[in-house]
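For reference, the chains in residue letters:
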Amino acid sequence: QLQASGGGLVQPGGSLRLSCATSGFTFGIYRMTWYRQAPGKQREFVAGISSNSRTDYADSVKGRFTISRDNGQDTVYLQMNSLKPEDTAVYYCNAQYPAHVYWGQGTQVTVSS
């Protein structure tokens, strides 16, 4: 199971930290990824972190968002700074290990003044 939390309403330029707590699988060997889906748009990649903590980001969030993982707590985080209205979306966490894929339920992030 994946349980995402930490979303909310924030003003442009503000920050939020999303968390995705997991259970039921061997967290440390899974690649963890954040995706987001804005109204009327397809789900898109935001940031990913491999089992050895190698990270990658969508160009739209590079320099503003940071993904990290705590293998002791089986949790992945997304620190979001300098938020923009276009970051408004439902954010989903994903766990992948070749043939196994799990999705969380999503947490709403709204950036508005």
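Now for a description of the structure that goes with this document. (Residues numbered from 1 in each chain as written. Predicted model: local features only at pLDDT ≥ 70, side-chain atom pairs only at ≥ 80, totals over all residues. Heavy atoms only, no water.)

## Re the nonpolar core
For soluble globular proteins, nonpolar side chains are generally found buried alongside one another.
Here is step 1: Judged by nonpolar contacts, the single largest core of 30 residues is most densely connected at Trp34, Leu78, Met80 and Tyr91.
Here is step 2: Of all the secondary-structure elements, those providing two or more residues to this core are strand S1 (2-5), strand S3 (16-22), strand S4 (31-37), strand S5 (44-49), strand S7 (65-70), strand S8 (75-80), strand S9 (89-97) and strand S11 (107-111).
Here is step 3: Looking at which element gives the most residues to this core, the answer is S9, with four residues. (Core = buried A, V, L, I, M, F, W, Y, C linked by side-chain atoms within 4.5 Å. Buried < 20%, exposed > 50% of the residue type's maximum accessible area, 1.4 Å probe, protein only. Helix = DSSP H or I, 4+ residues; strand = E, 2+ residues; numbered from the N terminus.)

## Remarks on the environment of Ser60
Here is step 1: Relative to the helices and strands, Ser60 is located in the loop between strand S6 (55-57) and S7.
Here is step 2: C-alpha separation for the pair Ser60 and Asp87, spaced 27 residues apart in sequence, amounts to 9.1 Å.

## With respect to the packing of aromatic side chains
Here is step 1: All chains considered together, the criterion is met by six aromatic pairs.
Here is step 2: Ring geometry for Tyr30 and Tyr102: centres 5.9 Å apart, planes at 35°, overall tilted. Taken as a pair, Tyr30 in the loop between S3 and S4 and Tyr102 in strand S10 (residues 100-103) lie far apart in primary sequence, 72 residues in all.
Here is step 3: Given a relative accessible area of 6%, Tyr30 falls into the buried group.
Here is step 4: Aromatic side chains Tyr35 and Trp103 sit 5.1 Å apart centroid to centroid with 50° between the ring planes, which places their arrangement in the tilted category. Within this pair, whereas Tyr35 is found in strand S4, its partner Trp103 is found in strand S10, the two being separated by 68 residues in sequence.
Here is step 5: Residue classification places Trp103 among the partly exposed positions, given a relative accessible area of 40%.
Here is step 6: Taken together, the ring pairs in this structure connect Phe25, Tyr30, Tyr97 and Tyr102 into an aromatic cluster.
Here is step 7: Over the face of the ring belonging to Trp103 we find Arg43, whose NZ or CZ atom lies 4.7 Å from the ring centre.
Here is step 8: Positioned above the aromatic ring of Phe27 is the side chain of Arg69, whose terminal nitrogen or guanidinium carbon lies 4.5 Å from the ring centre. (Phe/Tyr/Trp six-rings, centres within 6.5 Å; stacked < 30°, edge-to-face > 60°. Lys NZ or Arg CZ within 6 Å of the ring centre and 35° of its normal.)

## Quick word on the sheet that holds S7
Here is step 1: The four strands lie next to each other as S1-S3-S8-S7, forming an open sheet whose pairing is antiparallel. Strands at the two margins of the open sheet, each flanked by one partner only, are S1 and S7. Here the strands of the sheet are splayed against their neighbours by 15° on average, with no regard to which way each runs.
Here is step 2: Note: S1 against S3, four bridges, orientation antiparallel. Across the sheet, Gln3 pairs through a bridge with Ala21, a residue of S3. (Pairing = 2+ DSSP bridges. Axes fitted to C-alpha atoms, helices over the stretch in contact; angles between N-to-C directions.)

## Topic: the pattern of salt bridges
Here is step 1: Enumeration according to the criterion identifies five salt bridges in this entry.
Here is step 2: Here Asp56 makes a salt bridge to Arg31, at a shortest N to O gap of 3.2 Å. In this pair, Asp56 sits in strand S6 while Arg31 sits in strand S4, placing the two residues 25 residues apart along the sequence.
Here is step 3: A relative accessible area of 27% places Arg31 in the partly exposed class.
Here is step 4: The salt bridge involving Arg64 is made with Asp87; its shortest N-O contact spans 2.7 Å. Of the two residues, Arg64 sits in the loop between S6 and S7 while Asp87 sits in the loop between S8 and S9, which places them 23 residues apart along the sequence.
Here is step 5: Look at Asp87 and you get buried, because its relative accessible area is 0%. (Salt bridge = Lys/Arg side-chain N within 4 Å of Asp/Glu carboxyl O.)

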